[in-house]
Amino acid sequence: MDETRYPDSLPQHVAIIMDGNGRWAQQRHRPRLFGHKAGADSVREAVETAREVGIRHLTLYAFSTENWQRPGLEVKGLMGLLKNYLQSELDNMKNNGIRLACFGQKDRLPDEVRGMLDQVIAETKLCSKLRLNLCLSYGSRAEMIGAMQEISRKCVSGELNPEEIDDQLFSDHLYSTGQPDPDLLIRTSGEQRLSNFLLWQLSYAELYFTDVPWPDFRRDQFLAALEEYAGRQRRFGKTGAQAEAACVSS
Ligand code: IPE
Ligand code: IPE
Ligand code: MG
């Protein structure tokens, strides 16, 4: 993509449902884990591309609350890959200004993965070029219920008045607190559903679905998604003419 052609059209925040590793492997008569390994290389390339083009927030759906239901061996393999990924990327993240966060139920992860995650989060906390949010044991409904419980506790204790609950306050109780909502959601591998991903935060995101499976989703595919995004008109409930006028005046 030619970034100079679309100076204002780069999304600040991109979220990706990285789907299709298993089918990619099965087509090659290989075990599903082979697909997850190839998918880890696509993660590296997506992070690198995001950083290079100047995206400020990248949120990757790596493991859902529902994914715990998969065969034990696949879950174990995925956790191992995750640990390797974190170990191998720590220096790269520090050198390239990438700050890691985890969205999800960290306490459900195996100890060694959680330990590695905590280390990378701590060691990259001052990095400021790109915020990389890895969604692990993540489910949007669990996230929102957690937020509601915390808000309710504050109301019961008197710290908060129910009238003070608004969009901003609710957002501040989610994992994504302090970060803008995604502008663009990408889902690979043909499925057109949200699978319990960022249901609140994606309210006004542009949706991009591609048949390309995640292991084949590399730099060029990412740039094609950004190119398509650049051509979309975001109206936020206004008319096309109003949106156009807002664009010109900003
Ligand atoms: C996405 O690929 C990775 C995870 C959900 C962990 P899948 O493993 O869902 O691949 P398919 O959808 O079975 O092909
Ligand atoms: C969604 O993919 C979760 C991740 C990409 C981590 P799934 O492959 O688990 O989604 P469904 O169950 O097919 O909707
Ligand atoms: Mg899938």
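On a predicted model such as this, the values are computed, not experimentally measured, just so you know.

A. Highlighting the overall build of the protein. Helix and strand counts for the protein come out as eight helices and six strands. Secondary structure of the protein in N-to-C order comes out as β-α-α-β-α-β-α-β-α-α-β-β-α-α. For the protein, the C-alpha radius of gyration of 19 Å lies close to 18 Å, the compact-globule estimate for 250 residues. By principal-axis analysis of the C-alpha atoms, the protein measures approximately 50 × 50 × 35 Å. In the protein, which comprises 250 residues, the share counted as buried stands at 46%.

B. Main features of the site of ligand 1. Every residue lining ligand 1 is accounted for by Met-18, Asp-19, Gly-20, Asn-21, Gly-22, Arg-23, Arg-32, His-36, Ala-62, Asn-67, Arg-70 and Leu-78. Here an oxygen atom of ligand 1 sits 2.9 Å away from a polar atom, N or O, in the main chain of Gly-22. A total of 380 Å² of accessible area belongs to ligand 1 in isolation, and the protein chains cover 87% of it. Within the residue set of the shell around ligand 1, elements represented by two or more residues are helix H1 (21-27) and helix H2 (32-53). Among the elements that line the shell around ligand 1, the one with the most residues is H1, at three residues. The residue inventory of the shell around ligand 1, partitioned by class, reads three nonpolar, five polar and four charged.

C. Here's a closer look at the packing of aromatic side chains. Taken as a whole and judged by the stated rule, the model has 11 aromatic pairs. Between Phe-103 and Tyr-175, the ring centres sit 6.1 Å apart and the planes meet at 15 degrees, which makes this aromatic pair stacked. Within this pair, whereas Phe-103 is found in strand S3 (residues 98-103), its partner Tyr-175 is found in the loop between helix H6 (167-171) and strand S5 (184-187), the two being separated by 72 residues in sequence. Exposure remark for Tyr-175: the relative accessible area of 34% places this residue in the partly exposed category.

The rules behind these values
- Residues numbered from 1 in each chain as written.
- Chains lettered and ligands numbered in written order.
- Predicted model: local features only at pLDDT ≥ 70, side-chain atom pairs only at ≥ 80, totals over all residues.
- Heavy atoms only, no water.
- Helix = DSSP H or I, 4+ residues; strand = E, 2+ residues; numbered from the N terminus.
- Rg over C-alpha atoms; globule rule 2.2 N^0.38 Å.
- Buried < 20%, exposed > 50% of the residue type's maximum accessible area, 1.4 Å probe, protein only.
- Near = heavy atom within 4 Å.
- Polar contact = N/O pair within 3.5 Å; in protein donor to acceptor, adjacent residues only side chain to side chain.
- Areas by Shrake-Rupley, 256 points an atom, 1.4 Å probe, with all protein chains shown as cover.
- Nonpolar A, V, L, I, M, F, W, Y, C, P; charged D, E, K, R; others polar.
- Phe/Tyr/Trp six-rings, centres within 6.5 Å; stacked < 30°, edge-to-face > 60°.

Interpretation in functional terms is not warranted from these geometric data alone.
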